[in-house]
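# Report on the structure
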Amino acid sequence: PSKILTHFANIVIWIVMAIGLFTGATIVVSQAEFIRQYANINKILLILLLIIAPTIINLVGNKYTTIVNKTIMYIILTAFTLLYILAAKKGKHFNEIRFSPKSSDLEGILKSSFITIFAYNGFQSVVQLSEETKNKNDVPKGILGSITLTIIIYALIVISIISILGVKKATSTITPFGDAFDVFIPGNVDRDLVSMLAIIALTNT
């Protein structure tokens, strides 16, 4: 049994490494595309800089990495909070939300799970912080707490966007966050806002 567990653990480690590499590559290329909308920079050079910058921060130490992560999260959460407020005060489509899925929705839920798994990629890294914590009991608490908060935050985002746009428009757009703000902010501000938030959020990732 111990050999089987060892082989299984090795397979899981290699899978996690592969996921990390492909995720990192996808993130940095996407971030470069967002930035190149506003600055004409060589794509390869930009990708290289986007890899080097967070690497240096990580090498300096966990303390500074945490400060950068917290700062980015405060910015993102501020935007989310603004969205929640706008939805609560001016949302007109709240009645279109169904909180209990029908049996016919199970296929959609299964498909969406493959997309939303990206949002939870990285939570396994919390386990690695057991070497950094004074109390190892904080690690499972941190995992459960962060996953719970993430579920709540994403659920509120979906509810807010549907409340503002309605189900039909929310499901047909590729930029639901920006379109939600576009209802209240005229011009291209919504597009720029989403791009800036995406660049910031991808840096955190």
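Residues numbered from 1 in each chain as written. Predicted model: local features only at pLDDT ≥ 70, side-chain atom pairs only at ≥ 80, totals over all residues. Heavy atoms only, no water.

The next subject is the nonpolar core. One finds F80, L83, I157, I161, I164 and F177 to be the most contacted residues of the largest nonpolar core, which totals 19 residues. The set of elements that each furnish at least two residues to this core consists of α3 (62-90), α6 (138-165) and α8 (176-182). Here the element with the most residues in this core is α3; it accounts for eight residues. Residues in contact with L83, not counting those within four places in the same chain, are I157, S160, I161, I164, F177, A180 and F181. Judged by nonpolar contacts, the second largest core, of seven residues, contains V28, I35, L46 and I47. (Core = buried A, V, L, I, M, F, W, Y, C linked by side-chain atoms within 4.5 Å. Buried < 20%, exposed > 50% of the residue type's maximum accessible area, 1.4 Å probe, protein only. Helix = DSSP H or I, 4+ residues; strand = E, 2+ residues; numbered from the N terminus. Contact = heavy atoms within 4.5 Å.)

Contact geometry of helix α2 (residues 43-60) with α3 gives a least axis separation of 5 Å together with a crossing angle of 130 degrees. As summarised for this structure, α2 and α3 are arranged oblique, according to the angle between their axes. Along the contact surface, α2 presents I57, N58 and V60, while α3 presents Y64, T65 and V68. Of the residues contributing to the contact of α2 with α3, the split by class is four nonpolar, two polar and no charged. (Axes fitted to C-alpha atoms, helices over the stretch in contact; angles between N-to-C directions. Parallel < 35°, antiparallel > 145°, perpendicular 65-115°, else oblique. Nonpolar A, V, L, I, M, F, W, Y, C, P; charged D, E, K, R; others polar.)

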